[in-house]
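# Structure assessment
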Amino acid sequence: MVAVRLRFVTWSQTGQRSQRFVWELCKWPKGESFEWMFVCWLLDEVGMWWKVFPSKRAALTYFRQAPEAVMTRRSSIHADGVEMRAS
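Conventions adopted
Residues numbered from 1 in each chain as written. Predicted model: local features only at pLDDT ≥ 70, side-chain atom pairs only at ≥ 80, totals over all residues. Heavy atoms only, no water. Phe/Tyr/Trp six-rings, centres within 6.5 Å; stacked < 30°, edge-to-face > 60°. Helix = DSSP H or I, 4+ residues; strand = E, 2+ residues; numbered from the N terminus. Buried < 20%, exposed > 50% of the residue type's maximum accessible area, 1.4 Å probe, protein only. pLDDT = per-residue confidence, 0-100. Contact = heavy atoms within 4.5 Å.

## Notes on the packing of aromatic side chains
On inspection of all chains with the given rule, the structure shows five aromatic pairs. A ring pair is formed by F38 and Y62, whose centres lie 4.9 Å apart and whose planes are at 80°; its orientation type is edge-to-face. Note that F38 is positioned in strand β3 (residues 33-42) and Y62 in helix α1 (residues 56-63), a separation of 24 residues in sequence. The class for F38 is buried, based on a relative accessible area of 0%.

## Comments concerning the environment of F53
Examined against the element boundaries, F53 turns out to sit in strand β4 (residues 48-53). Remark: the alpha-carbon pair of F53 and E35, spanning 18 residues in sequence, is separated by 6.8 Å.

## Section: the confidence of the model for the chain
Looking at the chain as a whole, its pLDDT mean stands at 83, while 83% of the residues score no less than 70. Contacts for the low-pLDDT stretch residues 75-87, under 50 throughout, to residues beyond four places or in other chains number 28 contacts.

As structure tokens, then:
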């Protein structure tokens, strides 16, 4: 796995305390190309989750969104068809 970009994010849901996250945009070797991944590392809890993207462009578009857009849309499968897995 090769890290391409990192971003520190603080986010809170309404009525809850803020939590800290590190967002990582990385590429994972897959055959002779790469699989692009967005990884969200939870700093105040144990865990992380990730999404796989078909291209660098799609991954960068997701990475550049506001924390509210990324964190509130988190579910097992997004409407945009991009796979998300949790550990």
